[in-house]
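Structure assessment
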Amino acid sequence: MSDTAALQAAWQDAAEEVAGIGFWRMDPSTGAVDWTPNMFRLFEFPVGPAPNAQETMSRIHPDDRADAYIDLSSNLQAGGHVSISRIMLPSGGIRVVESRTIVQRDATGEVASIIGSVLDITTRVEREADVAHARATAEKAILQKQSYAADLSHELRTPLMAILGYAHLLAARDDIPAAARSDLEHLTRSSDALLSVANNVLGRSKAAAALAANKAAPVAIKTLVGNVLDIFSQQARLNGVELRQETSDGFPPFLEAHADALIQILINLIGNAIKFT
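In this report, we go over the structure that sits alongside the text. (Residues numbered from 1 in each chain as written. Predicted model: local features only at pLDDT ≥ 70, side-chain atom pairs only at ≥ 80, totals over all residues. Heavy atoms only, no water.)

Observations regarding the packing of helix 7 (residues 221–238) against helix 8 (residues 259–276)
How two helices sit against one another is set out by the angle between their axes and by the gap between those axes. The line we're drawing: What counts as an axis is a line fitted to C-alpha atoms, over the stretch in contact for a helix, and the angles between N-to-C directions run from 0 to 180 degrees. Strands are runs of DSSP state E lasting at least two residues, helices are runs of H or I lasting at least four, and both sets are numbered from the N terminus onward. Crossing handedness is defined as follows: a turn of the near helix away from the far one that is anticlockwise and smaller than a right angle gives a left-handed crossing, while the clockwise case is right-handed. Residue contacts follow a heavy-atom distance rule, with two residues in contact if any of their heavy atoms lie within 4.5 Å. Three categories are distinguished: nonpolar for Ala, Val, Leu, Ile, Met, Phe, Trp, Tyr, Cys and Pro, charged for Asp, Glu, Lys and Arg, and polar for the others, with Gly belonging to the last.
Direction vectors running N to C along helix 7 and helix 8 enclose 35°, while the axes themselves pass 10 Å from each other. When the axes of helix 7 and helix 8 are compared, the crossing they make is right-handed. Residues Ile221, Leu224, Val225, Val228, Leu229, Phe232, Gln235 and Ala236 of helix 7 form the contact with helix 8, whose own contacting residues are Ala259, Leu262, Ile263, Leu266, Ile267, Ile270, Gly271 and Ile274. Among the residues forming the contact of helix 7 with helix 8, the class breakdown is 14 nonpolar, two polar and no charged.

Some words on the pattern of salt bridges
Stated formally: For this analysis, a salt bridge means a side-chain nitrogen from Lys or Arg found within 4 Å of a carboxyl oxygen belonging to Asp or Glu. The rule is simple: take the accessible area with a 1.4 Å probe, protein chains only, and divide by the maximum for that residue type; under 20% is buried, over 50% is exposed, in between is partly exposed.
Scanning the model with the defined rule gives seven salt bridges in all. A salt bridge links Glu17 to Arg41; the nearest nitrogen and oxygen atoms lie 3.8 Å apart. Highlighted residues: Glu17 in helix 1 (residues 3–19) and Arg41 in helix 2 (residues 37–43), separated in sequence by 24 residues. According to the relative accessible area criterion, Glu17 is partly exposed, its value standing at 46%. Residues Arg100 and Glu98 are paired through a salt bridge, measuring 3.2 Å at the closest nitrogen-oxygen approach. Arg100 sits in the partly exposed class, given a relative accessible area of 43%. Among the charged side chains, a network of salt bridges with common partners joins Glu242, Arg244 and Glu246.

What about empty space enclosed by the protein?
Rule in force here: Of the two site types, the cavity is a set of points on a 1 Å grid over the protein atoms alone where a 1.4 Å probe fits but cannot get out, and the pocket is an open set with protein on both sides within 12 Å along at least five of seven lines, each lined by residues with an atom within 4 Å of a point. Grid points are joined across faces, edges and corners, and a volume is the space filled by probe spheres set on the points.
For the structure on display, the rule yields two cavities of 30 Å³ or more. For the second largest cavity, the calculated volume is near 40 Å³. Lining the second largest cavity, in full, are Met161, Leu164, Gly165, His168, Gln234, Gln235 and Leu238. Looking at the lining of the second largest cavity element by element, the count peaks at four residues for helix 5 (residues 122–171). Partitioned by chemical class, the residues of the lining of the second largest cavity number three nonpolar, four polar and no charged.

Structure below.
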């Protein structure tokens, strides 16, 4: 081998090692296989004659072996293939590789050779797994936070409704001194504001959690609307507002929807309607 050819071979070997890729060629008429140097590194075979197909397949993970056999044989039919397999290394590790093959044919259309590449994608697969795990962890944390906020808001609403109801009842009395009435009005406004905040947090948390979990499902709309109206029934009565549910003939009993998101919309609309009527 000339100095130039030796230098080119060395550069090719180094380039394959840096890129984590190796190449092979098989003569289907004889079964003879040639490997580039980095193929031996990828499969952790000692450098020498290329191992035969059976020896190579023995390094493929058992769960991937059947598919690898099919992938190899399909090359003769389809003219090429791309597959991903796990290699069990003698050192004890597992390497994930992406294999690509093409079929070369002679002038008569017969298969002259099968040429393939094997690319080490272990780092990429691990990184993608880490990203997926981090995303799932973050989404779980968000859902837990939203669930906590929803539960807290729900717990706050009950005593706030009681405070607000008694404040309105006291405000309706005629025997309240002027100074106390001023304080009572301040209490009523503050309670209204707190209830509005609690309703908004409750609705947004549940809506966000439902949308994040993609929990669209058949919803009994009449029942849902009736439940929301019940929430505001006392507040509406104290404000002299009538709440009534009316549905047209033929209204479907169920609709596909995010129930919690729909509840939040209705809470906002009805709450504002009572507040500004």
